[in-house]
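# Structural characterization, general
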Amino acid sequence: MSAPSNVAVVLLDSLNRHMLGCYGGTDFETPNLDRFAAERATRFTRHVTGSLPCMPARHDILCGALDFLWKPWGSIELWEEPITRVLRRQGVTTALVSDHPHLFEVGGENYHTDFHAWDYLRGHKGDPWRTFHDPSWIGAPAMPARRSNWWYSRVFGFPEKPSEYDRSRTFFRVEEDYPGPKTMSAAARFLAEDTPHHDRWFLFVDEFDPHEPFDTPEPWAGRYHEEVWDEDWILMPPYADGALTTGDLSEREARHVRANYGAKLAMIDHWFGRIMERFDEQGLWDDTALIVCTDHGHYFGDVREGRDIWGKPGVPTYEPLAHTPLLIHWPGQPGGGVCDALTTNVDIFATVADMFDAEVMQPTHGRSMAPLLTGEADSIREWALGGYYSLWVQVTDGNRKYARGAVDDNFPLSMWSNRWSTMPLGIEGVPELPMPDDRAWLDTMPGTEIPVIRQPFQSGDMLPFWASAGNCVDRHFLFDLDVDPDEQENRSTESCSAEMLDLLRTALTEVDAPEDQLVRLGMA
């Protein structure tokens, strides 16, 4: 069977697997994603995250290599070729449609540059789109809301101040003005107007919804509220390990935040329907693969170790965050199928490269999922690695998950980069990324000869932001997901942990992980 001629990848940020109807969710409505899964796609049941969070996950998808073992959030490095450059050599036209601001700021500034065309839809969280509040805004269709940094003001005493999004939302007049609807409409327009001019094409729709702010107009706003809410709405969720436990968040506020996420999810599902309509009207199902994925999930009070977790704080990547949805339409294959094979985000890169028979120059870590989709194989990998830079390193075999923290302290630790950029936080007094100092030297990345700056860190140093996000020292976790999907029983002290430790060692060896990591994790 011949490979698809084209592919569209639709990434919906922070898409919670367990909240989709096609994965058993019942709290919120996702009719278009459910219909896609039932009629057109194969539903993957053991897809997991790799590098985290947002931009590291996109690096997995667009560059095909895990990078969290070498550096935190950052841009494409000199020794790497993104899938767009790989496909250029094959004569494939590539396009990006996105409202995701991280692609257009330091830390993600060169992911878009190799697309033949890109369309940036303005106004989402963190996008410096407007410099003032629209004085004609009277609160419609956007609901009156708390300032974006309300949580950090409440817990840490930061002064409340307007964010970029607080200004941008005053310019929305109808649902079509919101970034998510604009992005899906632009993607549908590309399918209608551009694709007839190209024999082979790759479309990457990087949609920031349903990521916060959980801001929607009617008829979505308030759709899932369980009670009357007569205060300013909460659009930005807390990022905390134990917000309810500490009393910093009330039960009523918690229900409100979760309901607002549900409204955002339902709204973007509705607009995803525009893409399905284009596939129907243009007959694209016959020759075009459609991949729906995400970078990670989002915690909404999920309880682990007796504490409620919100957002993406510095904790092990538990199932709500790390076990993600993946739906793939593959021409010639019936919809409604299920694939139980273990897969991860770098496999998306490998699948697209395989589809176009493209040669990749740098070492990568993915395996093509095409054999799973065509029925030629029932497995492509025995393990999947994942985690945040400098925190827990996790491995899963699809049934068990082992998260290993550092031992004694969180060192040795090094950062490897030639670009030295990361996500701008914009929080006064919170460090982002220390500059290299006189301890740095030139090393090489596995499989390349390009010199790279390697900066060692030691106790007392200012560390990259993500390195200070949690305490992973001497804390290890092992969960048998088949019998304990909610991860309530940590079996890391049992004899079965030795097998998972060996699997982690095998995985780290196969990706040529830095020796620093093995020492830090007590595995050298």
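Structure shown above.
The present account deals with the structure reproduced in this document. (Residues numbered from 1 in each chain as written. Predicted model: local features only at pLDDT ≥ 70, side-chain atom pairs only at ≥ 80, totals over all residues. Heavy atoms only, no water.)

## Points about the overall build of the protein chain
When you go through the protein chain residue by residue, the secondary structure sums to 12 helices and 19 strands. Computed over its C-alpha atoms, the radius of gyration of the protein chain comes to 22 Å, within 12% of the 24 Å expected for a compact globule of 524 residues. Reported as C-alpha extents along the three principal axes, the dimensions of the protein chain are approximately 60 × 60 × 50 Å. Put simply, of all contacts in the protein chain between residues at least 6 apart along the chain, 75% involve residues at least 24 apart. Counting every atom, the protein chain has about 19500 Å² of accessible surface; 48% of that belongs to carbon and sulfur. (Helix = DSSP H or I, 4+ residues; strand = E, 2+ residues; numbered from the N terminus. Rg over C-alpha atoms; globule rule 2.2 N^0.38 Å. Contact = heavy atoms within 4.5 Å. Areas by Shrake-Rupley, 256 points an atom, 1.4 Å probe, with all protein chains shown as cover.)

## Things to note about the sheet that holds strand 6 (residues 201-207)
Remark on secondary structure: sheet strands pair via backbone hydrogen bonds, oriented parallel or antiparallel. Spatial ordering of the open sheet is given by 5-4-6-1-8-11-2-12, a layout of eight strands whose pairing is mixed. Of all the strands in the sheet, just strand 5 (117-120) and strand 12 (337-344) have a single pairing partner and so form its edges. Going across the sheet, the axis of each strand differs from the next one's by a mean of 15°, ignoring polarity. By the bridge criterion, six bridges tie strand 2 (residues 42-48) to strand 12 in an arrangement that is parallel. Bridging across to strand 12, H47 finds its partner in T343. Each of strand 1 (6-12), strand 8 (288-293) and strand 11 (326-329) is contacted by helix 1 (residues 31-39), which is oriented at about 55° to strand 11, the strand it contacts most. (Pairing = 2+ DSSP bridges. Axes fitted to C-alpha atoms, helices over the stretch in contact; angles between N-to-C directions.)

## Overview of unusual backbone geometry
Cis peptide bonds are those with omega within 30 degrees of zero, and the linkage from E212 to P213 qualifies with 10°. For P213, the location among the structural elements is in the loop between strand 6 and strand 7 (240-241). Positioned with a positive phi, E305 is a non-glycine residue whose angle comes to about 50°. You can see E305 is positioned in the loop between strand 9 (299-304) and strand 10 (307-311). One non-glycine residue, D474, lies in the positive phi region at around 55°.

## Some details on the sheet that holds strand 7
Read across the open sheet, the three strands follow the order 7-10-9; overall the sheet is antiparallel. Every other strand in the sheet has two partners, leaving strand 7 and strand 9 as the edge strands with one partner each. Where strand 7 lies against strand 10, two bridges are found, and the strand directions are antiparallel. The residue bridging D241 from the neighbouring strand is I309, located in strand 10.

## Overview of the state of the cysteines
Following the criterion strictly, the structure yields zero disulfides and no others. Not engaged in a disulfide, the cysteine C339 finds its nearest cysteine sulfur in C22; these two sulfurs lie 15 Å apart. (Disulfide = S-S within 2.5 Å.)

## As for the pattern of salt bridges
According to the stated counting rule, one finds 37 salt bridges in the structure shown. Salt-bridge contacts for R58 lead to D206; the nearest nitrogen and oxygen are separated by 2.7 Å. Here D206 lies in strand 6 and R58 lies in helix 2 (residues 54-63), a separation of 148 residues in the sequence. A single burial state applies to R58 and to D206, both of which are buried. As a salt-bridge pair, E253 and R146 come within 3.0 Å of each other at their nearest N and O atoms. Taken together, the residues E253 in helix 7 (residues 251-282) and R146 in the loop between strand 5 and helix 4 (150-156) connect sequence positions 107 residues apart. Comparing E253 with R146, the two get one shared label, buried. Through salt bridges with shared partners, a single ionic network connects R146, R154, D230, E231, R252 and E253. (Salt bridge = Lys/Arg side-chain N within 4 Å of Asp/Glu carboxyl O. Buried < 20%, exposed > 50% of the residue type's maximum accessible area, 1.4 Å probe, protein only.)

## Focus on the environment of R154
You can see R154 is positioned in helix 4. According to the relative accessible area criterion, R154 is partly exposed, its value standing at 40%. For the pair formed by R154 and D248, sequence separation is 94 residues and the distance between their alpha carbons is 7.8 Å. Once residues within four sequence positions are removed from consideration, R154 is found in contact with R146, D248, L249 and E253.

## Focus: the nonpolar core
Counting residues in each nonpolar core, the largest one holds 64 residues, and the members touching the most others are V10, F36, L203 and F272. Where this core is concerned, the elements lending two or more residues are strand 1, helix 1, strand 4 (93-98), helix 4, helix 6 (179-193), strand 6, helix 7 and strand 8. Examining the composition of this core, we find that 14 residues originate from one element, helix 7, more than from any other. (Core = buried A, V, L, I, M, F, W, Y, C linked by side-chain atoms within 4.5 Å.)

## Structural notes on the pairing of strand 11
Walk down a regular strand and you will see the side chains alternate between the two sheet faces. Going residue by residue along strand 11, you find L326 and I328 tucked away on one face and L327 and H329 tucked away on the opposite face as well. Here strand 2 pairs with strand 11 via three bridges, running antiparallel. Across the sheet, F44 pairs through a bridge with L326, a residue of strand 11.

## Considerations on the pairing of strand 13 (residues 384-388)
Extensive coverage of strand 13 is indicated by the burial of five of its five residues. Relative to strand 13, strand 3 (residues 51-52) is paired through two bridges, and the arrangement is parallel. Bridging from a neighbouring strand, S51 pairs with G387 of strand 13. Direction of pairing for strand 13 relative to strand 14 (residues 393-396): antiparallel, over a ladder of four bridges. Note on strand 14: the bridge partner recorded for G386 is Q394. Here strand 13 folds back onto strand 14, and the loop between the two strands holds four residues, one of which, S390, carries a positive phi near 75°.

## Digging into the packing of helix 6 against helix 7
Where helix 6 contacts helix 7, the axes come no closer than 9 Å and their chain directions differ by 5°. By the criterion of interaxial angle, the relationship of helix 6 to helix 7 is roughly parallel. For the pair helix 6 and helix 7, contact is made by G180, P181, M184, S185, A187, A188, L191 and A192 and by M267, I268, W271, F272, R274, I275, R278, F279 and Q282, respectively. Residues that form the contact of helix 6 with helix 7 fall into these classes: 12 nonpolar, three polar and two charged. (Parallel < 35°, antiparallel > 145°, perpendicular 65-115°, else oblique. Nonpolar A, V, L, I, M, F, W, Y, C, P; charged D, E, K, R; others polar.)

## Comments concerning helix 2
The element helix 2 is largely enclosed, with a buried count of 10 among its 10 residues. Among the residues of helix 2, those classed as buried are C54, M55, P56, A57, R58, H59, D60, I61, L62 and C63. Check the buried side of helix 2 and you find it contacts strand 1, strand 3, helix 3 (83-88), strand 6, strand 8 and helix 9 (346-355). Two residues or fewer after helix 2 comes G64, characterised by a positive phi angle close to 80°.

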